[in-house]
Structure formats: C-alpha cells, structure tokens
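An overview of the molecular structure
Below, each chain spelled out in residue letters.
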Amino acid sequence: MSAIVLATLNARYHHASLGLRYLAANMGELDTQIMEFILQSRPEEIIESILAARPEIVGFGVYIWNVAEITRVVALLKCVAPEIIVVLGGPEVSYECEQQEIVRLADYVITGWGDISFAKLCRELLQKRPQAQKIIAGLQPQLSEIKLPYALYSDEDIANRTLYVEASRGCPFKCEFCLSSLDKTAWAFDLDLFLAEMDRLYQRGARQFKFVDRTFNLNIKASARILEFFLERLNDKLFVHFEVIPDHLPDALKALILRFPAGSLQFEVGIQTFNPEVQALISRKQDTGKTEENLRWLRHESHAHVHVDLIIGLPGEDMASFAQGFDRLVALKQQEIQVGVLKRLRGTNIIRHTEKYDMRYTPYAPYTVLATDRIDYTTMQRLVRFARYWDLVANSGRFPQALPLLLGDSPFAHFLAFSDWLYATTGKTHQIALDQLFDLVYRGMSECLAQPQTESFAAAEHDFILSGSKAIPTFLKAGKQDGEGSRRARQASRQARHQAAET
C-alpha cells in the first residue's frame, strides 16, 4: 500500500518516465509508488492496479501523446473511487487549463515545474489541508535543490528500457513551435554530481543513455566533459544520444566526436526549415551555411549517426519551399531525415500566426496542422503520408540500393509521386508487412517511376537479401520462371544472418 501513486502512460514499454522519477526522488518521507503503463493498456486494468495500492493521492504525468488516454483513466477513477485525490502535472496541462476536460475531472493541477511543488501539495493534502485554488503554479527551485532521480531506475529498467537523463534544463532559443521557447534560458545541473550519477548507472550495467537536454552543445566545456566521460567508458554496447545545435560545433568538440566509433554516438539535429523568411517568422536563429558545413563534416568525417528534423506546415512555408529544403537535406546525405508535421503545442507562441496564415489544427491532441493559407487540407494529407512512407522506407535503412532509384535527381518530387502511388495501391499507411513493402518498393521503382526493370529488380533483391527477412516477396518469387531468384534470396539471406551472428 502507498499513500501516493505516481502514474503515467508511456508510448511503449521501453520508454521510462524521467518525470515521474524526478517527482518520486523528491517526495522525502512520503510513501510513494511509481506505476507506468503504456498507451495500449486498458483503463479498467490501469485503475485496478492503482486501486490495489490503496492510495490517497494519485498524480498523473500528462503529455500530448497520452492526454486522451489519461482523460479516460481519470474519468473512470473518479467514477469508482471519487475519494481518491487526483493531481495532474506535465506540459499538456500546464497551459490553457480551463479548456480541458481532464482538468475539469481532476482535483488539482500543478503547472510548470513540479519537482518540489508536488511533494509540498501532497503533504498538505495528507494533513487534511485542502487548497483554495485548483490550478497551482509550480515553483521553479534552484537545480541544486532538486534531488537527482537516477537511482530510481531499476535493474529491469537498465536491462530493458531507454534511460533518459539530463545535464541541463531549459533553452535560450525562442523557436515558436517549441515549449522550450517559453524558458528564459538554460540551467545546468552540477556537472560533478550529474556525472557521478551517470557513473553509478554505468557501474550497474547501463549502456544506453538518451539525453533530453534541448541544447547539449550550448556550453562547450560541459559538453566536452560529458563526451570525455563516455569516451573513458567506451565498449561495444555503449550508445549515447544528444540533441545538438546544428551551427555550433567548434574544433574542440569535433576532436572528441571523432574518437567515438560507429554505433556509439547519435545526434538529433533540428533544421525545421531552410527558408530564411520562415525562420525569422517563427523566431528561429540559425546560420544555415554553418549548419550545412557541420552536417557534411558529421556525415563524412565522423562515425556519428545523424538524425535531422524537418517540419511540414510552418507558417509562411508552401510546398515548393518545403521541397527545396527537403532536397537540400537529401543532398547532404544524412542517415535519417525525420519529416514531422507541425503541432500547436499548448502555450507556444506559434498561435500568434493562426489568423494571418489561416492555420487550421485538429481540435484534439496532438493538435496537428490540417491546412494553412499555403497548403490546403488535401495537399497536407499527401504530405502526412509522404512523411509516414519516408520513415518506413528511407529512415528504416532497409533500402540502401533501392532508395537512390526512388529519389533520382529530384528527391522530393519523385518520392511524393511514389507516396501517392503507394497509397493509391494499398490504401494503407500502417500495417504493411515487410515482404509486401519490398514488393511495393520494387513495383514503385519500375511501375510508378519508370526505372529500368533490371536495375529495380537487382536493387530490391539486394536490399531484401541484406534484410534477413524469411518471407519472400512476390516480385522475387515471380522474378525468374525457374525460381532461381527465390532460392538465391533464401540462401543469401541465410548467409547474411550467419555473418551477422559471427561479427
């Protein structure tokens, strides 16, 4: 039994909630239990698990990706156990609270920072001292006052889940689509204490660290110390992920990056748009020339895996402008281009462009842009499918030889044509089996984009063999009348699997 339960719904099991662990680490003497579920969990089962702990207070971490599901959970909890006090926190309920059904259902909401404020509220509620206000502004303490949460990662977490860590909070930049733009600056945790916690995790067996800092390379001295920390602990299982500012990679940092072997270092790089007018409109400062120079260096000189972000639907950007930016990124040959669709996060200043640029968003989470004055609804849906298929085909890394044939000399136009054909052929953007996907890529090259059939067949066959998939796609079964293509795929795929097991 626990007086307080901290709960949330993660997107998948392998995600572990850093926010809940921060709250739990700062609860002091209060009897607190963390309960994590996934989006597919049934509300009835979630409530049953919570009630088994017999809590007096339940705190829910609410985000854009789980607000709909947690609203149902809170409604059900209040129906079967109205005496339990429900407290909400998280970015999704920190702004525009009065408009939200989940806020109406709950007893209290803590907006903003909850590390210290949640424990304070719980103490008062357990002492039977109800608050006069339902909406409570969370106090932002000095970072030195916050107890770090990393000891609360369990052995199971370390063995099976992504460990989220942060050396700093906040962001000094003002990109209007991002919640971090509401911060006044960035604040750094004591680096000695932080690295001591990272060492404890490492000694316990942690090998994958995903930094959630919005601007990892803002302070180069701190960034260098962190990279040096991991370089001292390099092994074949270590993997570290950072989000970096694309135009700020001085030589001191590059020298450290060069020392990381392939597979150990990943950078997420926010580009969002190359259009200078759109950048100015959304208050995004970026040296585009330096950004491209650094991306080329990362791709051709280092072993870092680079994941760059581009956004569809920004105010002032039409499809032609987005296409130019996309082709520009493709030419830089980054490993992954994450094509995202603009979302109107509650509280962000992107809302100021709604009327002038006729921005239309879904009225429910995740508040995705539906149309603008430059991109109508039907075109936007084509681009949404483009983004999904790009992730499925290009970002998956399964089609190293087929992808250049799909893109040709006009990557955006060709892949959009392939995307349109793919949707017209299947009517689906999800639940496409791998063997079917290989068949569709082959057909897309030869039928939709009129690439030579021999080259299309060879590229698709090569990529299938490397995939190690057991299910033979239709084009290989029918590729040669005597079945040679099918036998070759099975034999080579088996050899590839053995080779992978030996390395």
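How each quantity is defined
- Residues numbered from 1 in each chain as written.
- Predicted model: local features only at pLDDT ≥ 70, side-chain atom pairs only at ≥ 80, totals over all residues.
- Heavy atoms only, no water.
- Helix = DSSP H or I, 4+ residues; strand = E, 2+ residues; numbered from the N terminus.
- Expected span 1.5 Å × (residues − 1).
- Contact = heavy atoms within 4.5 Å.
- Polar contact = N/O pair within 3.5 Å; in protein donor to acceptor, adjacent residues only side chain to side chain.
- Phe/Tyr/Trp six-rings, centres within 6.5 Å; stacked < 30°, edge-to-face > 60°.
- Buried < 20%, exposed > 50% of the residue type's maximum accessible area, 1.4 Å probe, protein only.
- Lys NZ or Arg CZ within 6 Å of the ring centre and 35° of its normal.
- 1 Å grid on protein atoms, 1.4 Å probe; cavity = no way out; pocket = protein on both sides within 12 Å on 5 of 7 lines; lining within 4 Å.
- Points joined across faces, edges and corners; volume = space filled by probe spheres on them.
- Nonpolar A, V, L, I, M, F, W, Y, C, P; charged D, E, K, R; others polar.
- Core = buried A, V, L, I, M, F, W, Y, C linked by side-chain atoms within 4.5 Å.

With 13 residues, helix H11 (residues 288-300) should cover 18 Å at 1.5 Å per step; its first-to-last C-alpha distance of 18 Å lies within 8% of that length. Where the residues of H11 are buried, they touch helix H9 (251-257), strand E12 (265-272), helix H10 (276-281), strand E13 (305-312) and helix H12 (319-331). With a side-chain oxygen lying 3.2 Å from the backbone nitrogen of Gly289, the N-terminal cap of H11 falls on Asp287.

Glancing now at the packing of aromatic side chains. All chains considered together, the criterion is met by 29 aromatic pairs. For the ring pair Phe386 and Phe415, a centre distance of 5.4 Å and an interplane angle of 85° mean the geometry is edge-to-face. With a gap of 29 residues between them, Phe386 in helix H13 (residues 377-395) and Phe415 in helix H15 (residues 411-426) connect regions that are remote in the sequence. Across this residue pair, the class does not change: Phe386 and Phe415 are buried. These aromatic residues form a ring-pair network of at least three members: Tyr150, Tyr153, Phe194, Phe209, Phe211, Phe216, Phe229, Phe230, Phe242 and Phe267. The ring of Tyr22 has Arg169 sitting right over it, with the charged end atom 4.5 Å from the ring centre. Sitting over the face of the ring of Trp113, Arg169 holds its NZ or CZ atom 4.8 Å from the ring centroid.

All right, on to the layout of surface pockets then. Within this model, the second largest pocket holds a volume of roughly 540 Å³. Classifying every residue of the lining of the second largest pocket by side-chain character gives 13 nonpolar, seven polar and five charged.

Within the element layout of this structure, Leu238 appears in the loop between helix H8 (220-231) and strand E11 (239-244). We classify Leu238 as buried; its relative accessible area is 1%. For the pair Leu238 and His430, spaced 192 residues apart in sequence, the C-alpha separation works out to 32 Å. Setting aside residues no more than four positions away along its own chain, Leu238 makes contact with Tyr202, Arg207, Phe209, Phe230, Arg233, Gly263 and Ser264.

With that out of the way, let us pick up the nonpolar core. Counting 114 residues, the largest nonpolar core has Tyr150, Leu201, Phe209, Phe211, Phe242, Phe326 and Trp390 as its most contacted members. Of the residues forming this core, the biggest block, nine residues, is contributed by H13. Core analysis: the second largest hydrophobic core is formed by 28 residues, Val5, Phe37, Ala53 and Val93 among them.

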